[in-house]
Number of protein chains: 2
Amino acid sequence: MTESIAQAEATSSPLPDPTGGRPVTPTRRTLRPLGLGEVRVTGGFWGRRQRVNGDATLQHCRHWMDHLGWTTNFTDPAGPGSAQRRGREFSDSEVYKMLEAMAWETGRSTEFAQRWNSHIDELTAAIANAQAPDGYVNTAFGGHGRRPRYTDLNFGHELYCTGHLIQAAVARARTYGPDPLLDVARRAADHVCATFGPHGIQSVGGHPEIEPALVELARLTGEQRYLDQAALFVERRGHRRLPEHEAGWPYFQDDIPVRHANVLRGHAVRALYLSCGAVDTAVETGDTELLEAVAAQYERTLARRTYITGGMGSHHAGESFGDDFVLPADRAYSETCAGVASMMLAWRLLLATGEPRYADAIERVLYNVIATSVADDGTSFFYANTLHQRVPTEPVAPDKESLRFGGGSRAPWFEVSCCLPNVARTLASLGGYLVTADAEGVQLHQYTDAEVRTRLDDGRPVGLQVRTDYPETGTIVIRVTETGDGPWSLTLRVPEWVSGAVLSGAVGRRSVEPGTVVVRRAFTVGEELRLELPMSPRWTFPDPRIDAVRGCVAVERGPLVLCAESTDQDGAPDAVDLDSLRIDTGVRPRDAASGATVSGRFQPPAGDGLPYYPSQPPRGEAHPQSIRLVPYYRWARRGPSTMRVWLPKDD
Amino acid sequence: MTESIAQAEATSSPLPDPTGGRPVTPTRRTLRPLGLGEVRVTGGFWGRRQRVNGDATLQHCRHWMDHLGWTTNFTDPAGPGSAQRRGREFSDSEVYKMLEAMAWETGRSTEFAQRWNSHIDELTAAIANAQAPDGYVNTAFGGHGRRPRYTDLNFGHELYCTGHLIQAAVARARTYGPDPLLDVARRAADHVCATFGPHGIQSVGGHPEIEPALVELARLTGEQRYLDQAALFVERRGHRRLPEHEAGWPYFQDDIPVRHANVLRGHAVRALYLSCGAVDTAVETGDTELLEAVAAQYERTLARRTYITGGMGSHHAGESFGDDFVLPADRAYSETCAGVASMMLAWRLLLATGEPRYADAIERVLYNVIATSVADDGTSFFYANTLHQRVPTEPVAPDKESLRFGGGSRAPWFEVSCCLPNVARTLASLGGYLVTADAEGVQLHQYTDAEVRTRLDDGRPVGLQVRTDYPETGTIVIRVTETGDGPWSLTLRVPEWVSGAVLSGAVGRRSVEPGTVVVRRAFTVGEELRLELPMSPRWTFPDPRIDAVRGCVAVERGPLVLCAESTDQDGAPDAVDLDSLRIDTGVRPRDAASGATVSGRFQPPAGDGLPYYPSQPPRGEAHPQSIRLVPYYRWARRGPSTMRVWLPKDD
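Conventions used here
Residues numbered from 1 in each chain as written. Chains lettered and ligands numbered in written order. Predicted model: local features only at pLDDT ≥ 70, side-chain atom pairs only at ≥ 80, totals over all residues. Heavy atoms only, no water. Helix = DSSP H or I, 4+ residues; strand = E, 2+ residues; numbered from the N terminus. Rg over C-alpha atoms; globule rule 2.2 N^0.38 Å. Buried < 20%, exposed > 50% of the residue type's maximum accessible area, 1.4 Å probe, protein only. Contact = heavy atoms within 4.5 Å. Areas by Shrake-Rupley, 256 points an atom, 1.4 Å probe, with all protein chains shown as cover. Lys, Arg positive; Asp, Glu negative; His and termini not counted. Charge placed at Lys NZ, Arg CZ, Asp CG, Glu CD. UniProt positions renumbered as here; feature names shortened; annotations may be inferred. Pairing = 2+ DSSP bridges. Axes fitted to C-alpha atoms, helices over the stretch in contact; angles between N-to-C directions. Domains from an automatic or database assignment. Buried area = accessible area lost by both parts, 1.4 Å probe. Salt bridge = Lys/Arg side-chain N within 4 Å of Asp/Glu carboxyl O. Parallel < 35°, antiparallel > 145°, perpendicular 65-115°, else oblique. Left-handed = near helix turned anticlockwise from the far one by under 90°. Phe/Tyr/Trp six-rings, centres within 6.5 Å; stacked < 30°, edge-to-face > 60°. Lys NZ or Arg CZ within 6 Å of the ring centre and 35° of its normal. 1 Å grid on protein atoms, 1.4 Å probe; cavity = no way out; pocket = protein on both sides within 12 Å on 5 of 7 lines; lining within 4 Å. Points joined across faces, edges and corners; volume = space filled by probe spheres on them. Least-squares fit on C-alpha atoms with pLDDT ≥ 70 in both. Nonpolar A, V, L, I, M, F, W, Y, C, P; charged D, E, K, R; others polar.

Chemist: Even after reading the chapter, I still don't get the overall build of chain A, so can you show me in this structure?
Modeler: Of regular secondary structure, chain A possesses 12 helices and 25 strands. Its C-alpha radius of gyration of 25 Å places chain A within 12% of the 26 Å reference for a compact globule of 651 residues. Projected onto its principal axes, the C-alpha coordinates of chain A cover approximately 75 × 65 × 45 Å. Classification of the 651 residues of chain A by burial places 67% in the buried group. If you take every contact in chain A between residues at least 6 apart in sequence, the share linking residues at least 24 apart comes to 69%. Accessible area for chain A stands at about 21,500 Å²; split by element, carbon and sulfur atoms hold 50% of it. With 69 positive and 81 negative side-chain charges, chain A shows a separation of 2 Å between the mean positions of the two kinds.

Written out as structure tokens, the structure reads:
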């Protein structure tokens, strides 16, 4: 059903491609992604987070997974099927995501490479030990005393786990080279192809993930059958082949074939992972119809089902998308993993189309979901990212496995702890999401301190050094550190939110508009380009169809959504009732150390009878005051607090 | 721990008290409830619904419970523990609720009494057959091949089921007289007392219900130990004695002792049933502190956590209350059972305190939740009662057991089908929620065609006939059909929403204010009182702290919340986008056949990019038009539609 993928990166070399370390390597694309071997984040906003991630977060993940037995499930001395198995049915996948993060980490930095290499070797041996002779590997199903294989396709997560195993092995191969983990993953993938192939089980995994994983494995190995199996899974979906369940087929995206749907729906992470797999198969097979269908679904989802933060999935029930414009700030679910998944999808669409709006979507979710989720020390996190906290939440003890997903305070670990290892693999591989190249030159999509070294398609070397304290300020300086002769193009994304951006350099100084700006010339080593993005805080008004935030405004500053947190307001903590805040939009927001201030009043609440009145409820006296706003990602870092992103307007 | 309850209705007579048929019979109270033997609904809004309920709905329940095996679980020929058991772990309770409804029905009407008496006898024999020698009866737990008794206190629902068994037996005894069902229930209750008594299992049932049931059984039988056990369950709660669960202790109300809480929280039905049991034990034991605590919790819940419809519980996740003022109209959960439970609690507080605001609360939930839930033919129903339907939902096939609770179309049955038998028992016993008496006279709390015959505390007979087409109009005529000599008081509730009410009769004509109006005189047979409640449609504005409906108004007409349904608007169904509707509140709503019209415009939607704008989004041309509103309870009766209760104001 597909053309050959034999032209992929297939390598039999024991050493990785020095330009490698790319999360996604489409063979057909508009833009060629640069890998960790070509883009090194050297500091700044993301550099700090990468360091914490590569040390404390990975250590924390390993500690908890050992502590809870998720790693030792693979080596349970009591043997398969013992009652000793611990963790939820998908706990294997967390080990794999951690492995993937460790693999990217060894490709990103030399500092911790030795430490994580030994972890990878040890865990690989454990997983290999648990693998059945036919390639199946899962500690929750199969074998004596366990539920039989594939008896719970809706929620068993077996194919999902296998997908994450494959992704870990692919990351390992792309940063270190083929190793025993890749052998395990290939055997597991071969088992999947044998079991779910054209003549096998005529169904799909309830939680997608195997699909993009199989495509990456096909790209890595050049094996067509993995791509064929991924395409088969994508095509099978949407025909109600999964057993009926009270969650409903839309929850599993099994209600409508992928190519016929017009918006993402159901469980947000499932929908987004499936979309990633669909884009991957579409680009490899030249299936333009499928690619355009997924792109249109994502566009509509961005336009109607996405929070201002870039977060997706508004409902706690079913961790699912709501109907169009159902985006409550209260108890916004906005699962961290859905943020990661949205970034994965946007990146694939950016590579496929070259459209800068996908890089805008990545920026939004990076600064406002992914940066929000993890604590400064990297050892606690949000699973759900609410946009409105009405009641302060007590912190979770550092040794406490949290059972609840509600927001308010970051927890060190959850019974379902997908998000932290998911963020960890994203941060470790972040260098692979920043820069691309094509026949004309190089494109910078995200701005952080970084060093870029690559070759153009014609072989000419290019080196760039990016220096910026973005998003604290909007000044980005790009220095050419290496260049071949003759002209090539340096393309810079100009974010969708900006107004009054200016580009200056050897070619002079000029205004640039949102989208991209292309500088094509024969660059010289040492020359600098300077992009100035004005960062004044600005009002943002919601579409009137979003009922939940009618009559409210938000304030953004550069790529950052701001919020009012009780901690920052004048008055005793108990006296600051953010839900009685009314903002005067007649006074422009004023810049203030990486945040803003606005004018507003705390209106005393209305009566205490039924909250419904025959006329506009009475309003008490209130004096205007200055309200401090801070970046949303910073909230809940200074003890229990209340918080609002959307601020009611004074009327 | 409690005073004697021996003065209760305890009867050894094989025939019921002719004044009986009361759902609740507090021995200490401000108002004495009149029973089905004293209040007969003869027609009108509720008379029609009672007839459908007593015939079609009960038949429908019996059919489905047989069809799904919930009744035959009790007589499974394969014996206890066979794999044949069907239904969820709480399916026994549905059989009991149906039995309770049948019992009230035999007390309400003679028309179907014979039919339901035979069902009751048959089901009673089946249940008795399944009862263990020690009194335990549950088809999901205990016995060979089943989970052991009381091994899942959080979700096993064993005590909950026993509570509903007891309530069914109490209803049977109060309408027919003590019979074998009462023997079964007493043995079950004795088992509970033995197992969970002071020296028994030191915990509670995850889903309250046993508490009010035991108090009613104590009232019926005069057995102190049932009351003591109920009080013990109430006191034990709130000390985290239930196992930790991801739902969290607040879900089970096991986070804070009942007497120390200040608002209802967690699973709404659980919270409300527990509150009923707490009021019941408080009034029987003279525990004023506990009574006042629950009353204050309910007041605060009404003021901050209750929909305009009287519905409670805003979240699908956990079927739970939200924080204060978290009342999204979109996907409002507002479970039908929570409406029933709120009415049960309000009735108890009304009897305890005499405060008419509790009758107001009952009216609101009766007309806007309970009347909404059931289809006209009584054979399909809403489990959840959303206040905003954005996308039309296809009808559920009449032979289809629905797995989903989302709104949009009533379903004939659900995998979890608590709501229909719960409404059935409520409608069958509705006559017992309308009228009370005290030393001064008689109080009418709800208005529907009815005949009342009772005796005052001093023995004088009183007869009243109520005629009204309320809530179609607001004219209520009360004719005295029987009276003893000398003065007594007739008290009429004047609803909280009314303005300009007038009372006229032999004593002249006068304006009356919301609350109650008392007519004290020596009535004569044949004289009439006429209460006129103006029913003009009116605006209702929400408390500004309810984010979800900021900038919106609702329209109410008498006790009815109105809504805009797409079906009623001019234009093709596909062209009517209620979410783009903007209402002109400068033009008063106009009366229209049991509904209203308002002026509004359908504003074309804003753009289709990101739904966030740097300035107020552009608005297209739109012409004012008349928007038809119908009672909310009528919505979704004419095919798939969209609907809004809260209408955005034009600004």
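Chemist: Could you clarify how one ought to interpret the UniProt feature "domain: Non-reducing end beta-L-arabinofuranosidase-like GH127 middle" (unreviewed entry) in chain A in this entry?
Modeler: Here, UniProt's "domain: Non-reducing end beta-L-arabinofuranosidase-like GH127 middle" (unreviewed entry) annotation points to residues 442-535 of chain A. A helix fraction of 0% and a strand fraction of 59% characterise residues 442-535 of chain A, whose end C-alpha atoms lie 25 Å from each other.

Chemist: Looking at this structure, I do not really get the sheet that holds strand β11 (residues 488-494) of chain B. What am I missing?
Modeler: Sheet strands line up and pair through hydrogen bonds in the backbone, either parallel or antiparallel. Residues and elements named next belong to chain B. Here five strands make up an open sheet; going across it, the order is β1-β6-β7-β11-β14 and the pairing mixed. The sheet is open, and its two edges are formed by β1 (32-33) and β14 (515-521), each paired on a single side. Note that β11 and β14 share seven bridges and pair antiparallel. Across the sheet, residue Arg493 finds its bridge partner in β14, namely Thr516. Of the strands in this sheet, β11 and β14 are in contact with helix α11 (residues 356-373), which crosses β11 at around 50°.

Chemist: Would you explain the domain arrangement of chain A in this entry?
Modeler: Where the parts come together, the accessible area they lose is often given as the size of the interface. All names here are of chain A. Split into domains, chain A comes out as domain 1 (32-433), domain 2 (435-532) and domain 3 (539-648). Distance between the C-alpha centres of domain 1 and domain 3: 35 Å. Each partner contributes to the interface: domain 1 provides 32 residues, whereas domain 3 provides 25 residues. The contact between domain 1 and domain 3 buries some 2,400 Å² in all, and 60% of this surface belongs to carbon and sulfur atoms. On the domain 1 side of the interface with domain 3, the three residues burying the most area are Ile308, Phe325 and Asn368, jointly 25% of the side's total. Applying the counting rule to domain 1 against domain 3 returns three salt bridges. The partner of Arg364 in a salt bridge is Glu556, and the shortest N-O contact between them spans 3.1 Å. Secondary structure elements with two or more residues in the side of domain 1 that touches domain 3: α1 (44-67), α11 (356-373) and β3 (388-389).

Chemist: Which parts of the structure should I look at to understand the environment of B:Trp413?
Modeler: All names here are of chain B. Residue position: Trp413 is located in strand β5 (residues 413-414). Assessed through its relative accessible area of 0%, Trp413 is described here as buried. Put simply, Trp413 and Asp485 are 72 residues apart on the chain and 53 Å apart in space, counted from C-alpha to C-alpha. Here Trp413 is in contact with His60, Cys61, Trp64, Met65, Leu68, Trp70, Phe381, Lys400, Glu401, Ser402 and Leu420, once residues within four sequence places are set aside.

Chemist: What am I meant to see in the sheet that holds strand β13 (residues 508-512) of chain A here?
Modeler: All names here are of chain A. Read from one edge to the other, the open sheet built from seven strands follows the order β2-β8-β9-β10-β15-β12-β13, with strand pairing classed as antiparallel. What marks the edges here is a single partner per strand, and that holds for β2 (39-41) and β13. Averaged over all neighbouring strand pairs, the angle between strand axes comes to 15°, with direction disregarded. With five bridges joining them, strand β10 (residues 475-483) and strand β15 (residues 528-532) adopt antiparallel strand pairing. Its bridge partner being in β15, Val477 is matched across the sheet by Arg530.

Chemist: Would you explain the packing of helix α10 (residues 336-353) of chain A against helix α12 (residues 419-428) of chain A in this entry?
Modeler: Two packed helices can be described by the angle between their axes and the distance between those axes. Residues and elements named next belong to chain A. Across the interface, α10 lies against α12 with an axial gap of 8 Å and an inter-helix angle of 30°. Relative to α12, the element α10 lies roughly parallel. Relative to α12, α10 is oriented so that their crossing is left-handed. Facing α10, whose interface residues are Thr336, Cys337, Val340, Met343 and Met344, α12 presents Cys419, Asn422, Val423, Arg425 and Thr426.

Chemist: What's the story with the packing of aromatic side chains in this structure? I'm lost.
Modeler: Within a pair of aromatic rings, the relevant descriptors are the distance that separates the centres and the angle that separates the planes. Residues and elements named next belong to chain A. Scanning the model with the defined rule gives 48 aromatic pairs over all chains in all. Pairing Phe381 with Phe414 gives two aromatic rings, centres 5.1 Å apart and planes at 75°, and the pair type is edge-to-face. Of this pair, Phe381 sits in the loop between α11 and β3 while Phe414 sits in strand β5 (residues 413-414), and the two are 33 residues apart along the sequence. For the pair Phe381 and Phe414, a shared accessibility class is recorded, and that class is buried. Grouped by ring-pair contacts, the aromatic residues Trp64, Trp70, Tyr333, Phe381, Tyr383, Trp413 and Phe414 constitute a single cluster. Lying across the ring of Tyr176, Arg172 places its NZ or CZ 3.8 Å from the centre.

Chemist: For this particular structure, what's the right way to read the pattern of salt bridges?
Modeler: Side-chain pairs of opposite charge can arise whenever the charged atoms involved come near each other. This structure, assessed with the given rule, holds 126 salt bridges over all chains. Put simply, B:Arg108 and B:Glu105 hold a salt bridge, and the shortest N to O gap is 2.8 Å. With B:Arg108 and B:Glu105 both in helix α2 (residues 91-108), this residue pair falls three residues apart, about one helical turn. Just as B:Arg108 is buried, B:Glu105 falls in that class too. In this structure, B:Glu527 engages B:Arg521 in a salt bridge whose closest nitrogen and oxygen atoms are separated by 2.9 Å. What you see here is one network of salt bridges that share partners, running through A:Arg174, A:Glu216, A:Arg219, A:Asp280, A:Glu284 and A:Arg348.

Chemist: Looking at this structure, how should I read the pairing of strand β15 (residues 528-532) of chain B?
Modeler: Both faces of the sheet carry side chains from a regular strand, because those side chains alternate between them. Residues and elements named next belong to chain B. Because side chains alternate across β15, one face comprises the buried residues Leu529 and Leu531, and the other comprises Glu528, Arg530 and Glu532, none of which is buried. Across four bridges, strand β12 (residues 501-505) lies against β15 in antiparallel orientation. Bridge pairing in β15 links Gly505 to Leu529.

Chemist: Whenever I open this one, the interface of chain A and chain B confuses me. Can you help?
Modeler: Taken together, the contact pairs 63 residues of chain A with 63 residues of chain B. Counting the surface lost from both chain A and chain B, the interface buries some 5,100 Å², and carbon and sulfur atoms represent 50% of this. Linking chain A to chain B there are eight salt bridges. The closest approach of N and O atoms between A:Glu244 and B:Lys400, which form a salt bridge, is 3.1 Å.

Chemist: Please explain empty space enclosed by the protein as it appears in this structure.
Modeler: If a probe the size of a water molecule is rolled over the atoms, the empty space left behind becomes visible. Under the counting rule described, the total for this entry stands at 18 cavities of 30 Å³ or more. In this structure, the largest cavity occupies an estimated 420 Å³ of space. Around the largest cavity sit 32 residues that line it, and A:His315, A:Pro328, A:Asp330, B:Pro328 and B:Asp330 are the ones nearest its centre. Quantified by volume, the second largest cavity comes out at close to 150 Å³. If you trace the second largest cavity, you find 15 residues lining it, with A:Pro23, A:Glu100, A:Met344, A:Arg425 and A:Tyr433 closest to the centre. Sorting the residues of the lining of the second largest cavity by element identifies α2 (91-108), α4 (158-175), α10 and α12 of chain A as the ones contributing at least two each.

Chemist: Looking at this structure, I do not really get the relation of the copies chain A and chain B. What am I missing?
Modeler: Two chain copies, one operation linking them: a rotation about an axis together with a shift along it. With an RMSD of 0.0 Å, the operation that places chain A on chain B is a rotation of 180° combined with a shift of 0.0 Å along the axis. The superposition operator between the copies reduces to a two-fold rotation axis. Here 100% of the contact residues of chain A are again contact residues in chain B; the copies associate through an equivalent surface.

Chemist: Looking at this model, I keep getting lost on the layout of surface pockets. Mind explaining?
Modeler: Estimated volume of the second largest pocket: approximately 1,000 Å³. As for the second largest pocket, its lining consists of 44 residues, of which A:Arg550, A:Gly551, B:Arg550, B:Gly551 and B:Asp651 are closest to the centre. Its residues placed into classes, the lining of the second largest pocket shows 20 nonpolar, eight polar and 16 charged.

Chemist: Got a minute to help me understand the pairing of strand β12 (residues 501-505) of chain A in this structure?
Modeler: Residue and element names in this part refer to chain A. With respect to burial, β12 is a largely interior element, four of its five residues being buried. One ladder, built from five bridges, connects β12 with β13; its direction is antiparallel. Paired with Val502 across the strands is Ser511, a residue of β13. What sits between β12 and β13 in their antiparallel hairpin is a turn of two residues.

Chemist: Looking at this structure, how should I read unusual backbone geometry?
Modeler: Backbone geometry follows two general trends: most residues other than glycine have a negative phi, and most peptide bonds adopt the trans configuration. Residue and element names in this part refer to chain A. That bond from Tyr470 to Pro471 is cis: its omega, 5°, falls within 30 degrees of zero. Checked against the element boundaries, Pro471 lands in the loop between β9 (461-468) and β10. In this model, Ser594 sits at a positive phi of 55°, which is unusual for a non-glycine residue. Tracing the backbone through its elements, the reader meets Ser594 in the loop between β20 (590-592) and β21 (595-602).

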